[in-house]
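Residue-level listing of the chains:
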There are 2 protein chains.
Amino acid sequence: MARADYEQVVGEMRLASGLPWSIPVTLSVSEVEAAQPRIGEELAMVDEHGELRGFLELQEKFPYDKRREASEVYRTTDEAHPGVRALHAQGEVLLAGPVRLLEPPQYPAYDPYHLTPEQTRQAFQDRGWRTVVGFQTRNPVHRAHEYIQKCALEVVDGLLLHPLVGETKEDDIPAETRLRCYEVLLDGYYPKDRVILSVLPAAMRYAGPREAIFHAIIRKNYGCTHFIVGRDHAGVGNYYGTFDAHRIFQHFVPDELGVSPLFFDHAFYCRRCQGMATTKTCPHGQEERVSLSGTRVREMLQRIELPPPEYSRREVAEILLQWANTDQYRI
Amino acid sequence: MARADYEQVVGEMRLASGLPWSIPVTLSVSEVEAAQPRIGEELAMVDEHGELRGFLELQEKFPYDKRREASEVYRTTDEAHPGVRALHAQGEVLLAGPVRLLEPPQYPAYDPYHLTPEQTRQAFQDRGWRTVVGFQTRNPVHRAHEYIQKCALEVVDGLLLHPLVGETKEDDIPAETRLRCYEVLLDGYYPKDRVILSVLPAAMRYAGPREAIFHAIIRKNYGCTHFIVGRDHAGVGNYYGTFDAHRIFQHFVPDELGVSPLFFDHAFYCRRCQGMATTKTCPHGQEERVSLSGTRVREMLQRIELPPPEYSRREVAEILLQWANTDQYRI
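The text that follows walks through the structure, step by step, so that each part is easy to find. (Residues numbered from 1 in each chain as written. Chains lettered and ligands numbered in written order. Predicted model: local features only at pLDDT ≥ 70, side-chain atom pairs only at ≥ 80, totals over all residues. Heavy atoms only, no water.)

Overview of helix H7 (residues 175–189) of chain B
Note on helix geometry: an α-helix contains 3.6 residues per turn, so any two residues three or four positions apart are oriented the same way. All names here are of chain B. The end-to-end C-alpha separation of H7 is 21 Å, in line with the 21 Å expected for 15 residues at 1.5 Å each. Of the positions making up H7, those classed as buried are Ala175, Thr177, Arg178, Leu179, Cys181, Tyr182, Leu185, Leu186, Gly188 and Tyr189. Contact partners of the buried residues in H7: strand E7 (132–137), helix H6 (143–154), strand E8 (158–163), strand E9 (195–197) and helix H11 (314–324). (Helix = DSSP H or I, 4+ residues; strand = E, 2+ residues; numbered from the N terminus. Expected span 1.5 Å × (residues − 1). Buried < 20%, exposed > 50% of the residue type's maximum accessible area, 1.4 Å probe, protein only. Contact = heavy atoms within 4.5 Å.)

Overview of the packing of helix H3 (residues 66–74) of chain A against helix H4 (residues 82–89) of chain A
Residue and element names in this part refer to chain A. Contact pair H3 / H4: the axes reach a minimum separation of 10 Å and the direction vectors enclose 160°. Considering the angle they form, H3 stands roughly antiparallel to H4. Taken as a pair, H3 and H4 cross one another with a handedness that is right-handed. Facing H3, whose interface residues are Lys66, Glu69, Ala70 and Tyr74, H4 presents Gly83, Val84, Leu87 and His88. (Axes fitted to C-alpha atoms, helices over the stretch in contact; angles between N-to-C directions. Parallel < 35°, antiparallel > 145°, perpendicular 65-115°, else oblique. Left-handed = near helix turned anticlockwise from the far one by under 90°.)

What about the nonpolar core?
Grouped together as the largest cluster of nonpolar side chains are 92 residues, with contacts concentrated most on Leu161, Tyr190 and Phe264 of chain A together with Leu161, Tyr190 and Phe264 of chain B. If we skip the residues at most four places from it in the chain, Phe264 of chain A touches Ile148, Cys151, Ala152, Ile228, Val229, Gly230, Arg231 and His246 of chain A together with Glu154 and Val155 of chain B. (Core = buried A, V, L, I, M, F, W, Y, C linked by side-chain atoms within 4.5 Å.)

Observations concerning the interface of chain B and chain A
Contacts between the two partners involve 30 residues from chain B and, on the opposite side, 30 residues from chain A. Of the roughly 2600 Å² buried between chain B and chain A, counting both surfaces, carbon and sulfur atoms make up 48%. Looking only at chain B, the three residues that lose the most surface to chain A are Glu154, Lys280 and Thr281 of chain B, adding up to 28% of its buried area. Between the two partners, chain B and chain A, sit zero salt bridges. At the junction of chain B with chain A, the criterion picks out 22 residue pairs in polar contact (both at pLDDT 80 or more). Contributions of two or more residues to the side of chain B that touches chain A are made by H6, H7, strand E11 (260–263) and strand E13 (275–278) of chain B. Classifying every residue of the side of chain B that touches chain A gives 15 nonpolar, six polar and nine charged. (Buried area = accessible area lost by both parts, 1.4 Å probe. Salt bridge = Lys/Arg side-chain N within 4 Å of Asp/Glu carboxyl O. Polar contact = N/O pair within 3.5 Å; in protein donor to acceptor, adjacent residues only side chain to side chain. Nonpolar A, V, L, I, M, F, W, Y, C, P; charged D, E, K, R; others polar.)

Here's the deal with the sheet that holds strand E2 (residues 42–46) of chain A
Residue and element names in this part refer to chain A. Pairing is antiparallel in the open sheet, where three strands are placed in the order E2-E3-E6. Pairing within the sheet leaves two strands with one partner each, and these edge strands are E2 and strand E6 (99–101). Across the sheet, the mean angle from the axis of one strand to that of its neighbour is 25°, orientation sign disregarded. Examined bridge by bridge, strand E3 (residues 52–57) and E6 share three bridges and lie antiparallel to one another. Residue pairing in the sheet places Gly54 in a bridge with Leu101 of E6. (Pairing = 2+ DSSP bridges.)

Concerning empty space enclosed by the protein
Empty pockets left among the atoms are what a rolling probe the size of a water molecule brings to light. All names here are of chain A. Across all of its chains, the model carries one cavity of 30 Å³ or more by this definition. For the lining of the largest cavity, the element with the highest residue contribution is helix H6 (residues 143–154), accounting for five residues. Each residue belonging to the lining of the largest cavity can be placed in one class, and the counts come to nine nonpolar, three polar and eight charged. (1 Å grid on protein atoms, 1.4 Å probe; cavity = no way out; pocket = protein on both sides within 12 Å on 5 of 7 lines; lining within 4 Å. Points joined across faces, edges and corners; volume = space filled by probe spheres on them.)

Quick notes on H6 of chain A
Residues and elements named next belong to chain A. The terminal C-alpha atoms of H6 lie 16 Å apart, and with twelve residues this matches the ideal 16 Å at 1.5 Å per residue to within 8%. Counting buried positions over the twelve residues of H6 gives eleven, a clear majority of the element. Those residues of H6 that fall on the buried side of the exposure criterion are Arg143, Ala144, Glu146, Tyr147, Ile148, Gln149, Lys150, Cys151, Ala152, Leu153 and Glu154.

Structure, rendered in C-alpha cells:
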C-alpha cells in the first residue's frame, strides 16, 4: 500500500481512489533495512522459509505513525491488544510499489479446502447459486454459529464456510483441529449441495469493527453477495462495544461495499423457546439460556467433560476433547 | 380497475402505467345492472349491510373474458378452484372509475389490530425500524411458521405479523380463533419490541404465484422492506408447483417491486438436527422430520389430542383444541 492509500485507509477507510478499504496492508522494514534499497530497484520477496515468492518494484519508502494507526484502526493504543502489539513489533518504515508474484503460495495442509477467489466464484456459478453468504470464523462452529449460518442460508442460495487459517492468537484453536470440526459438522448436519468449505489464509488482526468491514470486502472478492457479521465480530477482550461491528457499516452508503451485511445478535439455546434463538428473537430471561464462555468450555474439556449438546454437536465436542487433552494444548 | 389496467394486469402483471400489479381488482355487475347507469353518473357504493360507503364516478363499463382471467391469473380454468369459482360467480360486466370513500371501513372485531398502511409505517418509524419483514398468513402460526418468521427477523429490524382476515375458504380457521392463537404465541415466545400484529382485511384468492406478488406489493404499501414467501404461497390443492411462487419473482427486475422477497422452503422439526430446519438446511431423511398435514392435525384435534410440541406450541394447540370441539366447527 502506497502512502496516499495508507493515509486515506487509516483516516477514512478508503483507498486514495475512494474505494472502501478499512485496514492497511503494508510491508514494514527497519530503518536500517530501509536505507539500502533505492527507489526503482526490484526487491526479492521471500516467505518465512526463505523461498523466493516474487518481487516488489520499490516506488516509495515512508515513515508512519503507529499511534495514529492504532487509535484509528484498533480504536486503542493499549499494547495489550494483539493487533496493536503486532503493529508495534513492525519496522519503522513502509515500502511500497507494484508486486509481481512468481507463484501463488501453496497450502498442502489445507487441501482440498484452499480455493482462490476465482475458484470459489466458479464453484458458486457451477452450482447455480445467485446469492451466497460468507461466514468468517477463527473458532470451531458451535450450535450458536450453526444457527446463524443456517438462518442466513434460509434466505440465500448457498453458504461459504470460510475459516481464517492464518496467524491467530496463541490461545485460539489451531486451524487443523478446526478443520476436522468443520468436516464432521458438515458431514452430519449440513446439506452438501448448499455449503462450500474453504480456508482464508490471512492473519487475524482483532480490529473489531474495522475488521468486520475488511472481512466483508474480502468475501465479496471471493464471490459472496452476503456476509454474516456477528456481535463483537473480530473483537478481542473488551475493546469494542457489542454492536460496534454492526454500526460501522452505516459509514458506507448501501451498495457501496457490494456485499450485504447480515447482522446477528448473540445466539444460544433457550429452554423455553425449545430451540436456538438470539437476543433479538427470544423474549426469555438469561436463566433459560444455555450459554457458555470460551473459558468455561476450555475448563470442561480439560476435565474431560463434554459441553452440553445444546451448546455443541457431540461430534465436534469429541474432537475438541481429544485436542484439549494432548500435549500440544496450552492455555 | 379500468379496462386498460385490467387487460394489462391479466396479461402482463402490470398496470397500464407499467407498475407491477398481479391480480385484477374489479367491480362486477350483471348485464341487467350494467344497462341502467350512464357514463358520468355517480353510483352509490354500499357494503354487505347496505350501508353507504362511498361513490363511484362511472367512466367505463366493459365485458371481460373470465376464462382468460382464470387461466392467466389462476393458471387453471377448473371451477373446483376457489378463486376460479368466485370469478365465475361474478357478474358479466365490470364498472370502473374514480372511487370516493366516505369513511374507511371499521373492524371493531379486530381492535386493536387493525392498522392502516399509514399507521404501520408510522409504527415502524416510531420504533426506529429501518427494515421490516411482512408475514402473510391465513392460518394459525405453528412452529414451522415461527421458525421462518424468526429466521427472517434475525436479519431485519422488525416483523409485521399480518394475518389476512377477509374472506377465506370455509375450512380455513376463523380469524377470531387465529387472532387468539397469535396473541398467546406473541405473549409467550416473541420479543414485544420486535413484532407488530395487525390484520389485513382482504379476501384470499388462492391464486398462488400471482397472489405471492400481490401480497408482497400490499405489504410494501404497509411499509415492509422484506416479505416472506413460503413454499406454495397462497396455493390451494395441487394447482401450483412447490416453488412456482418463488420463481414468479424472476419476472421482475430486482428493485422493481420495491420489496425484497425472502424465499423459504418447507419447514419442520428434525430429530437429528434437534431443532427446526427446512429442506434447504437439513440433510436428514423424511423419517427424522416431524411434519403433519393440516388434515392430520384436524383429526387429532377432533380426537381431543394435542399435536406434538415440535409441531405446535402448547398454548396455540390448546386454543385450536377448544375451537375444534365447539358447535361451530365444520370440515
